[in-house]
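# Architecture and fold: a report
What follows is each chain in one-letter form.
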Amino acid sequence: MVSEDDLSELEQELMGLNEKEQRQKINEFVKTLPKEELAKLQMQQCVFCLLSQGKIKAYKIYENDKFLAVLDINPANIGHVLLFPKKHYQYLSLLSDKDVSEMFMIANNISKVLVQELKAQGVNLYLASGNAAGQKVNHISLNIIPRFENDGIEFAWNMKKASEQDLEQIKTLIASKLAIKKEVVLEVSLEPKKENSNQIKKPQFKIEKRIP
Ligand SMILES: [Zn+2]
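Keep in mind that this is a model prediction, so the values were computed, not measured.

## Examining the overall build of the protein chain
When helices and strands are counted, the protein chain shows 6 helices and 7 strands. Beginning at the N terminus, the succession of helices and strands in the protein chain can be written as α-α-α-α-β-β-β-α-β-β-α-β-β. Taken over 212 residues, the protein chain has a buried fraction of 12%.

In structure tokens:
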């Protein structure tokens, strides 16, 4: 726990320091905090947590027990929506599969409404998971950005060259980890038998033939 004494000691130390030194001192202090304490502090400062708790004004457009969608107050385009879990998670990978699919279903519904009501001609879903990916707030959020022709928004990167060898190597590495899911998603369809519909039957799996 951070005690009042710790804080007043820090306050004393900060006095007389310039801004840069103050920042350094605060960073040092933060590093001494136990992990749980740090997580608590981060949540108290997190804008998405504050929005979820109703502590700052939100232009809510959708809400359920787990997710909240608000209008971005500094939008890339009018109608720019931020959709996020109410609970504080930094990375998308920390959400359950069920929650990830729910989040994308909600995003898809919002996108449809943006197209219908704002006459958007396209929609971008932008998500940054991790600071290296450009995540600014450590609470996962999905940007839903309605797009219009020549609206000046760019998602740009410089294309790099990849050798055939690199591509093969990366493909082998990644595809082998995804093999099971790939089988289920792409090759198998669920087809319950129609006869004896009053009896509870196990669903039948059928391997679909590839169409050449
Ligand atoms: Zn948060």
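Once the structure has been displayed, the description carries forward.
## Brief notes about the nonpolar core
Generally speaking, soluble globular proteins have nonpolar side chains that are buried together. Grouped together as the largest cluster of nonpolar side chains are 20 residues, with contacts concentrated most on Ala69, Leu83, Phe84, Ala107, Ile110 and Ile144. Of all the secondary-structure elements, those providing two or more residues to this core are helix H4 (47-52), strand E2 (67-71), strand E3 (81-85), helix H5 (97-118) and strand E5 (142-147). A total of 5 residues in this core trace back to one element, the largest contributor, which is H5.

## Points about the pairing of E2
Pairing of strand E1 (residues 60-63) with E2, which is carried by 3 bridges, proceeds in the antiparallel orientation. Bridging from a neighbouring strand, Lys60 pairs with Val70 of E2. Linking two consecutive strands that pair antiparallel, namely E1 and E2, is a turn of 3 residues. Bridging between E2 and E3 involves 5 bridges; their strand directions are antiparallel. Residue pairing in the sheet places Val70 in a bridge with Leu82 of E3.

## Let's talk about helix H1 (residues 4-14)
Within H1, only 0 of the 11 residues are buried, which leaves it mostly out in the open. In the segment just after H1, Gly16 is the residue with positive phi, at about 85°.

## Some details on the sheet that holds E3
Strand order across the open sheet formed by 5 strands is E1-E2-E3-E5-E4, with antiparallel pairing between neighbours. The open sheet has two edge strands with one neighbour each: E1 and strand E4 (122-127). Neighbour-to-neighbour, the strand axes of this sheet turn through a mean angle of 20°, independent of strand direction. Across the sheet, H5 lies against E1, E2, E3, E4 and E5, angled at about 20° from E5, the strand it touches most.

## Some details on the pairing of E5
In this structure, E3 lies alongside E5, joined through 3 bridges in antiparallel fashion. By the bridge assignment for E5, Leu82 is matched with Asn143. Both E4 and E5 contribute to a ladder of 6 bridges, which runs antiparallel. Across the sheet, the residue bridging to Gly122 is Arg147, located in E5.

## Thoughts on the environment of Leu51
Turning to its location among the elements, Leu51 is positioned in helix H4. When near neighbours in sequence (up to four residues on either side) are disregarded, Leu51 contacts Ile56, Ala58, Leu68 and Val70.

Scoring rules and cut-offs
- Here the residue numbers are simple positions, counted from 1 along each chain's written sequence.
- For a predicted model such as this one, the threshold for reporting local features is a pLDDT of at least 70, and the threshold for listing and counting side-chain atom pairs is 80 or more; totals across whole chains, interfaces and linings nevertheless cover every residue.
- Each helix corresponds to a stretch of at least 4 residues labelled H or I by DSSP, and each strand to a stretch of at least 2 residues labelled E; elements are numbered beginning at the N terminus.
- Exposed residues have 12 or fewer other C-beta atoms within 10 Å of their own C-beta, buried residues have 20 or more, and residues in between are partly exposed; the C-beta atoms are placed from the backbone.
- Each nonpolar core comprises buried Ala, Val, Leu, Ile, Met, Phe, Trp, Tyr and Cys residues, the members being joined through C-beta atoms within 7 Å.
- We treat two strands as partners when DSSP finds at least two bridges between them.
- To get an axis, fit a line to the C-alpha atoms, keeping to the stretch in contact for a helix; angles then go from 0 to 180 degrees between the N-to-C directions.
- Two residues qualify as a contact pair if the distance between their C-beta atoms, derived from the backbone, is within 7 Å.

No statement about biological role is implied by the geometric values presented.
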